[in-house]
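Tertiary structure, described
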Amino acid sequence: MPDADHASSRIDAAEVQHLAQLARLELSAAEQSALLDDLNKMLGYFEKLQELGTEGVPEMQRPVALLNVLRPDVAGEMFTQEQALALAPESQDGFVRVPRTVEP
């Protein structure tokens, strides 16, 4: 049962302007009006959800069960250092050479 504080929650234009300011958004009057309508529709949907009886319904993280399907980790044949270096675009002194990513 929804409590009295949340019954028919509505957002007004001043709140949309405040939210836009917090998000650093510049919205036209038309965008503010559309956002106001969208936010109030969303609140209406949430109010409808509040009306649903959920007594005895167990909480869940996801609506469907997840199952990891992984192959077994089996060690295979390893490359020799020469084979690995042959695949690298550049090598030097037995190591793979990569571009510098950190300033000296």
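That block above? That's the structure.
Presented here is an overview of the structure given in this document. (Residues numbered from 1 in each chain as written. Predicted model: local features only at pLDDT ≥ 70, side-chain atom pairs only at ≥ 80, totals over all residues. Heavy atoms only, no water.)

**Quick look at a nonpolar patch on the surface**
Short version of the rule: Only residues whose relative accessible area exceeds 30% and that form no salt bridge are eligible for patches; like-charged ones are grouped when within 9 Å, while nonpolar side chains (Val, Leu, Ile, Met, Phe, Trp, Tyr) are grouped when within 5 Å. Computed with a 1.4 Å probe, the accessible areas rest on the Shrake-Rupley method; for each residue, only the protein chains presented here act as cover. Whenever a carboxyl oxygen of Asp or Glu lies within 4 Å of a side-chain nitrogen of Lys or Arg, that contact is scored as a salt bridge. Note on conventions: DSSP H or I runs of at least 4 residues are helices, E runs of at least 2 residues are strands, and numbering of each starts at the N terminus.
On the surface, Met-42, Tyr-45, Phe-46, Leu-49 and Leu-52 cluster together to form a nonpolar patch covering roughly 560 Å² of accessible area. In this fold, Phe-46 is placed in helix α2 (residues 29–50).

**Looking at helix α1 (residues 13–22)**
Under the convention used in this document: Counted as a polar contact is a pair of N or O atoms within 3.5 Å, where, for protein atoms, one must be capable of donating a hydrogen and the other of accepting one, and residues adjacent in sequence contribute only when both atoms are in side chains.
At the N-terminal end of α1, a side-chain oxygen is found 3.2 Å from the backbone nitrogen of Ala-14, two or three residues along, and the residue is Asp-12. Within two residues after α1, Arg-24 carries a phi angle of roughly 55°, on the positive side.

**So, the environment of Glu-90**
In plain terms, the rule: Exposure classes here rest on a 1.4 Å probe applied to the protein chains alone. A residue is buried below 20% of its type maximum, exposed above 50%, and partly exposed in between. Pairs of residues are marked as contacts when any of their non-hydrogen atoms sit within 4.5 Å.
By secondary structure assignment, the location of Glu-90 is in the loop between α3 (81–87) and β1 (91–92). On the accessibility criterion, Glu-90 (47% relative accessible area) is partly exposed. Residues Glu-90 and Phe-46, 44 residues apart in the sequence, show an inter-C-alpha distance of 58 Å. Beyond its immediate chain neighbours, meaning those up to four positions away, Glu-90 contacts Phe-95, Val-96 and Arg-97.

**Observations concerning unusual backbone geometry**
Positive phi, close to 55°, is recorded for Arg-24, a residue that is not glycine. Take Arg-24: it is sitting in the loop between α1 and α2. A positive phi angle, close to 55°, is found at Asp-93, a residue other than glycine. Residue placement: Asp-93 occurs in the loop between β1 and β2 (95–96). For Asp-93, a relative accessible area of 68% translates into the label exposed.

**Some words on the pattern of salt bridges**
All told, the structure shown has one salt bridge when counted by the stated rule. Across the salt bridge formed by Glu-90 and Arg-97, the nearest N and O atoms sit 3.5 Å from each other. For Arg-97, a relative accessible area of 46% corresponds to the partly exposed category.

**As for the packing of α1 against α2**
For clarity, the cut-off: Throughout, an axis means a line fitted to C-alpha atoms (over the contacting stretch in the case of helices), and angles, computed between N-to-C directions, take values from 0 to 180 degrees. Here roughly perpendicular refers to angles of 65 to 115 degrees, roughly parallel to angles under 35, roughly antiparallel to angles over 145, and oblique to all remaining angles. As a working rule, the residues Ala, Val, Leu, Ile, Met, Phe, Trp, Tyr, Cys and Pro are called nonpolar, Asp, Glu, Lys and Arg charged, and the rest polar, with Gly in that last group.
Where α1 meets α2, the axes come as close as 10 Å, and the angle between the chain directions of the two elements is 105°. With respect to their mutual orientation, α1 and α2 come out roughly perpendicular. Taking contact as the criterion, the partners of Ala-13, Val-16, Gln-17 and Leu-19 in α1 are, on α2, Gln-32, Leu-35, Leu-36 and Leu-39. A breakdown of the residues in the contact of α1 with α2 according to their chemical character gives six nonpolar, two polar and no charged.

**A few points about α2**
Think of an α-helix as turning once every 3.6 residues; residues three or four places apart then point the same way. The line we're drawing: Given a helix with a known number of residues, its expected span is that number minus one, times 1.5 Å. Arc, as used here, means the arc of the directions from the helix axis to the C-beta atoms.
Look at α2: 31 Å from first C-alpha to last across 22 residues, which is about the 32 Å you get at 1.5 Å a residue. Buried residues of α2: Gln-32, Leu-36, Leu-39 and Asn-40, and no others. Buried positions in α2, seen along its axis, are confined to an arc of 100° and lie on one side of it. In α2, those exposed residues whose orientation departs by more than 90 degrees from the buried face are Ala-30, Lys-41, Tyr-45 and Lys-48. Taken together, the buried residues of α2 touch α1.

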